[in-house]
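Given next are the chains, with one letter for each unit.
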Amino acid sequence: MKHLLFLALLLTAGIGFSQNLEKDTIQLPEVRISNTPPEKAKVVKTKFSSLCVNSDALFYDEMVTLVTSLPKNGYISSVTFSFNETPRNGLYGYKDTDLLLVFYEVDASGKPGAAIVVPVPFTLKADFSGKMEILVPYGDAKNPGKFFAGLRRVIPRTKNTGIDFEVDTLCAKGNKIVMYKRRENANGWLTDPYSHHPFKMTIKEIVPPSK
């Protein structure tokens, strides 16, 4: 009889505990976060290329090129540049260089405006030469229709130093491609309407399927 009473007390306590536990538990809706493109998304790309190629060492610390040829509301997935393809000599002493891939909206005046995404950091090694694709996490950089894409030095360049890296640009003198540049501590963006040198680059974008 004592055993039966003890068992009954245990069952009662267990039921009360489970009820209190359920009462004190906060039920949260399921949240799914994914950086994986949806099925049937398509990849489109635009290429800035020319038979005549120049180079730039980012003397102005940051340089961007206007992009208008990709579908609006897609997500930028990568940008490919060509680095350090000029033969090394006394002036070209390539070094490990920390850079940022940057994207900006176009403001009302046509200049770079608000940042579209947090800059993507990467390190260009001194011994690297050729094409490098810098990836952007899916969903981070939505294309507003037109935007600026480019590069920024993490540490501003010191005057009177050698060329620590180079990135290929186009000999695009006189064409309509828009390029802006600026120094780290200077006010505003600069451009030269008579001598544009946009990046030689390929930009990929992922466009989700229409609903």
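This write-up is about the structure you can find in this document. (Residues numbered from 1 in each chain as written. Predicted model: local features only at pLDDT ≥ 70, side-chain atom pairs only at ≥ 80, totals over all residues. Heavy atoms only, no water.)

### Considering the layout of surface pockets
The space that makes up the largest pocket amounts to roughly 260 Å³. Residue lining of the largest pocket: 15 residues in total, with Thr97, Arg153, Ile155, Arg157 and Asp164 positioned closest to the centre. Taken together, the residues that form the lining of the largest pocket break down as 4 nonpolar, 5 polar and 6 charged. (1 Å grid on protein atoms, 1.4 Å probe; cavity = no way out; pocket = protein on both sides within 12 Å on 5 of 7 lines; lining within 4 Å. Points joined across faces, edges and corners; volume = space filled by probe spheres on them. Nonpolar A, V, L, I, M, F, W, Y, C, P; charged D, E, K, R; others polar.)

### Things to note about the side chain of Thr80
Along the chain, the position of Thr80 falls in strand 4 (residues 75–83). Setting aside residues no more than four positions away along its own chain, Thr80 makes contact with Lys131, Met132, Glu133, Lys200, Met201 and Thr202. (Helix = DSSP H or I, 4+ residues; strand = E, 2+ residues; numbered from the N terminus. Contact = heavy atoms within 4.5 Å.)

### Comments concerning unusual backbone geometry
Backbone geometry at Leu58 places phi at a positive 50°, although glycine is not the residue there. Residue position: Leu58 is located in the loop between strand 2 (53–56) and strand 3 (62–67). Residue classification places Leu58 among the buried positions, given a relative accessible area of 2%. The phi dihedral of Asn84 is positive, around 50°, even though this residue is not glycine. Mapped onto the elements, Asn84 comes out in the loop between strand 4 and strand 5 (97–106). (Buried < 20%, exposed > 50% of the residue type's maximum accessible area, 1.4 Å probe, protein only.)

The quantities given are spatial measurements derived from coordinates; they are silent on function.
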